[in-house]
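Remarks on the overall topology
Listed below, chain by chain, are the residues.
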Amino acid sequence: MSEKRPLVSCIMPAYNAEKYIKIAIDSILNQTISDFELIIINDGSTDNTENIILSYNDSRIVYIKNEKNLKLIKTLNKGIDVAKGTFISRMDSDDQAYSNMFEREIEEFQKHPDAGIINTLTFHMNKYGTGIRPNRQIFWVDPNVCSVVCIYANMISHPGVMVRAELMKKYKYNDNNAYLHFEDKELWCRMFLDGVKCYTIKERLINY
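Not measured: the values here are computed from a predicted model.

What counts and what doesn't
Residues numbered from 1 in each chain as written. Predicted model: local features only at pLDDT ≥ 70, side-chain atom pairs only at ≥ 80, totals over all residues. Heavy atoms only, no water. Helix = DSSP H or I, 4+ residues; strand = E, 2+ residues; numbered from the N terminus. Buried < 20%, exposed > 50% of the residue type's maximum accessible area, 1.4 Å probe, protein only. Contact = heavy atoms within 4.5 Å. Areas by Shrake-Rupley, 256 points an atom, 1.4 Å probe, with all protein chains shown as cover. Phe/Tyr/Trp six-rings, centres within 6.5 Å; stacked < 30°, edge-to-face > 60°. Pairing = 2+ DSSP bridges. Right-handed = clockwise from strand over helix to strand, strands pointing away. Core = buried A, V, L, I, M, F, W, Y, C linked by side-chain atoms within 4.5 Å. Polar contact = N/O pair within 3.5 Å; in protein donor to acceptor, adjacent residues only side chain to side chain.

**Focus on the overall build of the chain**
- Summing up its helical and strand segments, the chain has seven helices and nine strands in all.
- Taking all 208 residues of the chain together, the buried fraction comes to 51%.
- Contacts in the chain between residues at least 24 apart in sequence constitute 77% of all its contacts with a sequence separation of at least 6.
- Accessible surface, the chain: about 10,300 Å² in total, of which carbon and sulfur atoms supply 52%.

Rendered as structure tokens:
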């Protein structure tokens, strides 16, 4: 009998994230839908990150440890390779997802069968977890003009975004250091040029 495929694979890279990672993990484990796997990749942390991850006893957590620091792009692609879900979600180790984020994104995929990417609006949060305010860098765009807007601005929130797994496995992040810190925008632009559609939920579902 084949292993049951989770609905969502959430990929969370972590590097020296001891200060915030518990909040990030808890926000995913407390989602209103439970059919997911949380792939946490420890990218060679030298602080208490690993001990915090290992303190959890939840079968939905898939823990991977890089023996050396591979940097973000290689680590993300590693997560994509092992992901088993129908959809792939991105989460950073210092952000906080609202409990209905997965649920709302799945609803949008059901509402828009032509969607390849579901984006969400976000809040900005300072390093103390206070001072939350709307993040105006992430905004709603008509799915038909994403390929044009993407040239000038990255309107997609990297943490919190959900993508059909077959697309992420096909395109992946460009493993070129020239795109470090821009790896997500470069990926979305390639997808948009091929006609992939992105729908944005007009709700703020993550503290960034």
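Don't stop here, the text continues.
**What about the packing of aromatic side chains?**
- All told, the structure shown has two aromatic pairs when counted by the stated rule.
- Each ring, one from Phe 36 and one from Phe 102, has its centre 5.5 Å from the other, and the planes form 75°; the classification is edge-to-face. Here the residue Phe 36 occupies a position in strand S2 (residues 36-43), and Phe 102 occupies one in helix H4 (residues 101-111), the gap between them amounting to 66 residues.

**Some remarks on the pairing of S2**
- Counting buried residues along S2, eight of its eight residues qualify, which places the element largely inside the surrounding structure.
- On S2, burial covers both faces: Phe 36, Leu 38, Ile 40 and Asn 42 on one face and Glu 37, Ile 39, Ile 41 and Asp 43 on the other are all buried.
- Direction of pairing for strand S1 (residues 8-14) relative to S2: parallel, over a ladder of seven bridges. What sits directly across from Met 12, in S2, is Ile 40.
- Handedness of the crossover is the feature at issue here: the chain leaves S1, passes through helix H1 (residues 21-29), returns alongside S2, and the resulting connection is right-handed.
- Pairing of S2 with strand S3 (residues 61-66) involves six bridges; the strand directions are parallel. Opposite Leu 38, over in S3, you have Ile 61 as the bridge partner.
- Remark: the S2/helix H2 (residues 49-54)/S3 crossover connection has right-handed handedness.

**Things to note about the nonpolar core**
- Core analysis: the biggest nonpolar cluster contains 32 residues, and Met 12, Ile 21, Ile 25, Ile 28, Leu 38, Met 91 and Phe 102 have the highest contact counts within it.
- Element by element, the count of residues in this core is highest for H1, at five residues.
- Setting aside residues up to four positions removed in sequence, Met 12 forms contacts with Ile 21, Ala 24, Ile 25, Ile 28, Leu 38, Ile 39, Ile 40, Ile 41, Met 91, Asp 92 and Ser 93.
- Counting 27 residues, the second largest nonpolar core, distinct from the first, contains Ile 73, Val 161, Ala 165 and Met 191.

**Side note on the side chain of Asn 207**
- Looking at the element boundaries, Asn 207 is found in strand S9 (residues 197-207).
- A distance of 3.0 Å separates polar atoms of two side chains, one belonging to Asn 207 and the other to Tyr 98.

Just geometry here; none of it tells us what the structure is for.
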